[in-house]
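This is what each chain is made of:
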Amino acid sequence: MSLLPIQHRDALSKGMVLLFALPALLIPTTVLCYIFWQAMPVLSLSFVFGSADGIGFGVTEGVFPQLVGSLLLAVMACLIAIPFALATALYHRTYATPRQQRWLNTLFTMLQGIPPIVFGLCGLVVLVNLFAWGVSLLSGAVVLAVVVLPLLVLNTLATLERIPLAYSEAGSALGLGKGAIIWRLWLPRCWLQLLTGLLLAMARALSETAPLMFTATVFSGVVWPDSIFSPVTTLQTHIFYLAQEGNDPLVISIAWGSAAVLVLLVASFGLLARLLQKLGAH
Amino acid sequence: MIADIKHEDFPKAESAVPTELVESQLPSLLIVDKLSLTLAGNKILQRVDFSLPKEGVTSVIGPSGAGKSSLLRCLNGLETCWSGTVVVDGKDIRQWRGGWDQLRRYVGLIAQKPVVFNASIRANVCFGIHGWRQRRRADELVEKSLRQAALWNEVKDRLDAPATTLSMGQQQRLCIARAIAIKPKVLLLDEPTASLDPRSKQLIEQSMLQLAKDIPLLCVTHDLEQAQRLKGRTVFMCDGRVIEQADCDQLFKQPQCIETREFLRWSVCDCD
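Being a predicted model, the structure only gives us computed values, none of them experimental.

> What's the story with the overall build of chain B in this structure? I'm lost.
When you go through chain B residue by residue, the secondary structure sums to eleven helices and ten strands. Here chain B holds 272 residues, and 54% of them are scored as buried. Contacts spanning at least 24 positions in sequence make up 68% of the contacts within chain B whose residues lie at least 6 apart. About 12400 Å² of surface is accessible on chain B, with carbon and sulfur atoms providing 48% of the total.

Spelled out as structure tokens, the structure:
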């Protein structure tokens, strides 16, 4: 039997929860504030949208080429991954046996935990060297597509699982086949949620750095890619490069500026996803 | 004949249950013979036998868990792991040309809770329509189906409005219109008026009686008064078995089995 009266026990329980919950909230917020504080001296429209000639690596000019490179890679990766993710989730939901469903769940949960650098290494061996695509936009996008595929599959599955069984059965009762149920009932109903999952996957693709260093990016000499077989510069690798030049205060503030731009970009995708989620709920 | 069902000593369901096919005055469109269904080790249906005349309403009554809804799901092909024989229009439904999807166009099903699709009222009615000929005369079909479902007057000015804006009773009538738009030969209704207001219930019953002149209806209901209002034939089910089936008046006034009597009097059935 506890010696404390019930109201004190409640207060103690609340205190314990807050003791661990507050740091979890405060630490990331402090980090974010610190990034923007450090980035303040360089952050301006000319920094974000300023073009570069590829010589100063963004040290003396803006980060617009890097921003576009990051976005291009994320968009291409998601465009490549969408059909595979959608097909896998639809197979899982409509045709797979319960045993296959269990296997697929395990596989994609496991794939999601594999460090992206491993995929980067595979991309280097297979795409860059074997297929001779070189260090290019295409190689990087394919590797990023593999990285975000499990997330997209699991998001799509979660969306499809939220469709009530009665909704599908109402379609079946009208004699609609599985294909018609997918195209005429499921997709029109849940496209907003699927788009939300896609935006979250894009945010994830924007956060990846390691696999791009082997397969897609260069640190200098390139401003805009000529084709999908050209290398690109990205914000992620740009920050990595600048951080290594730690002795120059100007370079470090530009690294903070680039980090702030990247954070804003990822956050905007997250916020858009949340907005779509709300719209979908209505 | 119905008169064959005589059990002077009111036998228990396990013994001489009158489950033999009862011949109707009208030829049967749907014949169910020894239909059994087991789900997750539970016997849901046990050697169910009955037949559905070519027109009129047949009501299925019985306590909760009697297997009434499962019976409809088997007849519509939503459940496929059953044993026995179901013959529709002289053909075994397991050998149905075009498979289960085609069968479901022939044997329509309306669920207990209305499910409208995320589309307009017009699109909902047209959802199951196949083929360019039918699509070409879609407007005509929409009007006809909505009239048959007693909904036309309420929605004729807003056919392009989202179907989700309709009330529950209207949504259920829209589901009926959607089901009859594909011209099924048999219509199964699973408690179509459960949890609806009296006015919607009345409209749906009127619509059902109107429809029953063209196609046979098999309606599961918990509402004994509704079963009496719908007339036609009545099948009493309990514990996955057909206990008794007869014309509505006869079953309600002179039930032959003690289980039926108990159910009609106390709304409980002691078949176990």
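> Please explain the nonpolar core as it appears in this structure.
Considering soluble globular proteins, one finds that nonpolar side chains tend to be buried as a cluster. Of all hydrophobic cores here, the largest spans 75 residues; its most connected members are Leu-73, Leu-160, Leu-185, Trp-186, Val-261 and Phe-269 of chain A together with Phe-117 of chain B. If one sorts the elements of this core by residue count, helix α8 (residues 178-207) of chain A sits on top with 15 residues. Those residues in contact with Phe-117 of chain B, other than ones at most four positions away along the chain, are Tyr-167, Ala-170, Gly-171, Leu-174 and Leu-185 of chain A together with Asn-124, Phe-127, Ala-163 and Arg-178 of chain B. Membership of the second largest hydrophobic core comes to 37 residues, among which are Ile-129, Ala-149, Leu-151 and Ala-212 of chain B.

> Explanation requested: the environment of Ser-258 of chain A in the structure shown.
Residues and elements named next belong to chain A. Looking at the secondary structure, you find Ser-258 in helix α11 (residues 249-281). Ser-258 sits in the buried class, given a relative accessible area of 0%. On a C-alpha basis, the gap between Ser-258 and Glu-208 in space is 15 Å, while along the polypeptide they are 50 residues apart.

> Help me out: how do you make sense of the interface of chain A and chain B in this one?
By convention, interface size is frequently given as the accessible area that disappears when the constituent parts associate. Contact with chain A, which involves 14 residues of that partner, is made by 19 residues of chain B. Note on chain A versus chain B: buried area summed over both sides is about 1400 Å², and carbon and sulfur give 59% of it. When the buried area of chain A at its contact with chain B is split by residue, Ala-173, Leu-174 and Arg-184 of chain A rank highest and sum to 40% of it. Applying the counting rule to chain A against chain B returns one salt bridge. Residue Arg-73 of chain B is joined to Glu-169 of chain A by a salt bridge in which the shortest nitrogen-to-oxygen separation is 2.8 Å. On the surface where chain A and chain B come into contact, there are four residue pairs in polar contact (both at pLDDT 80 or more).

> Help me understand the sheet that holds strand β9 (residues 233-238) of chain B, please; the structure alone is not making it clear to me.
Two modes of strand pairing occur in sheets, parallel and antiparallel, and in both the strands are linked by backbone hydrogen bonds. Residue and element names in this part refer to chain B. Judged by pairing direction, the sheet is mixed, and its six strands sit side by side in the order β6-β7-β8-β3-β9-β10 without closing on themselves. For this open sheet the edge positions go to β6 (107-110) and β10 (241-247), each flanked by a neighbour on one side alone. Ignoring which end each strand starts from, the neighbouring axes of this sheet average 20° apart. Examined bridge by bridge, β9 and β10 share six bridges and lie antiparallel to one another.

> Explanation requested: the side chain of Ser-70 of chain A in the structure shown.
Residues and elements named next belong to chain A. The residue Ser-70 is located in helix α3 (residues 64-94) in this model. Exposure remark for Ser-70: the relative accessible area of 2% places this residue in the buried category. Among residues more than four places away in sequence, those in contact with Ser-70 are Leu-206, Thr-233, Thr-234, Leu-235 and Gln-236.

> Even after reading the chapter, I still don't get the environment of Gly-99 of chain B, so can you show me in this structure?
Mapped onto the fold, Gly-99 of chain B is located in helix α2 (residues 99-106). For the pair Gly-99 of chain B and Glu-154 of chain B, spaced 55 residues apart in sequence, the C-alpha to C-alpha distance is 37 Å.

> Explain the environment of Leu-212 of chain A to me, please; I cannot follow it from the model alone.
Turning to its location among the elements, Leu-212 of chain A is positioned in helix α9 (residues 210-215). With sequence-adjacent residues up to four places away left out, Leu-212 of chain A is seen in contact with Leu-73, Gly-140, Leu-144, Thr-217, Thr-234 and Gln-236 of chain A.

> Just checking my understanding: could you explain the packing of aromatic side chains for this structure?
A complete count under the given rule lists ten aromatic pairs over all chains for this structure. The aromatic ring of Phe-127 of chain B is capped on one face by Arg-184 of chain A, whose charged end is 4.4 Å from the ring centroid. Cation over ring: Lys-91 of chain B sits above Trp-96 of chain B, and NZ or CZ is 5.4 Å from the ring centre.

> Explain the pairing of strand β2 (residues 42-53) of chain B to me, please; I cannot follow it from the model alone.
In summary, the side chains of a regular strand alternate between the two faces of the sheet. Residue and element names in this part refer to chain B. Sheet analysis places strand β1 (residues 28-39) next to β2, joined by eight bridges and oriented antiparallel. Residue pairing for β2: Val-32 is matched across the bridge by Phe-50. The hairpin turn running from β1 into β2, its antiparallel successor, is two residues long, and Ala-40 in that turn takes a positive phi close to 50°.

Here is what the cut-offs are and how they apply
Residues numbered from 1 in each chain as written. Chains lettered and ligands numbered in written order. Predicted model: local features only at pLDDT ≥ 70, side-chain atom pairs only at ≥ 80, totals over all residues. Heavy atoms only, no water. Helix = DSSP H or I, 4+ residues; strand = E, 2+ residues; numbered from the N terminus. Buried < 20%, exposed > 50% of the residue type's maximum accessible area, 1.4 Å probe, protein only. Contact = heavy atoms within 4.5 Å. Areas by Shrake-Rupley, 256 points an atom, 1.4 Å probe, with all protein chains shown as cover. Core = buried A, V, L, I, M, F, W, Y, C linked by side-chain atoms within 4.5 Å. Buried area = accessible area lost by both parts, 1.4 Å probe. Salt bridge = Lys/Arg side-chain N within 4 Å of Asp/Glu carboxyl O. Polar contact = N/O pair within 3.5 Å; in protein donor to acceptor, adjacent residues only side chain to side chain. Pairing = 2+ DSSP bridges. Axes fitted to C-alpha atoms, helices over the stretch in contact; angles between N-to-C directions. Phe/Tyr/Trp six-rings, centres within 6.5 Å; stacked < 30°, edge-to-face > 60°. Lys NZ or Arg CZ within 6 Å of the ring centre and 35° of its normal.

Geometric values such as these leave the question of function open.
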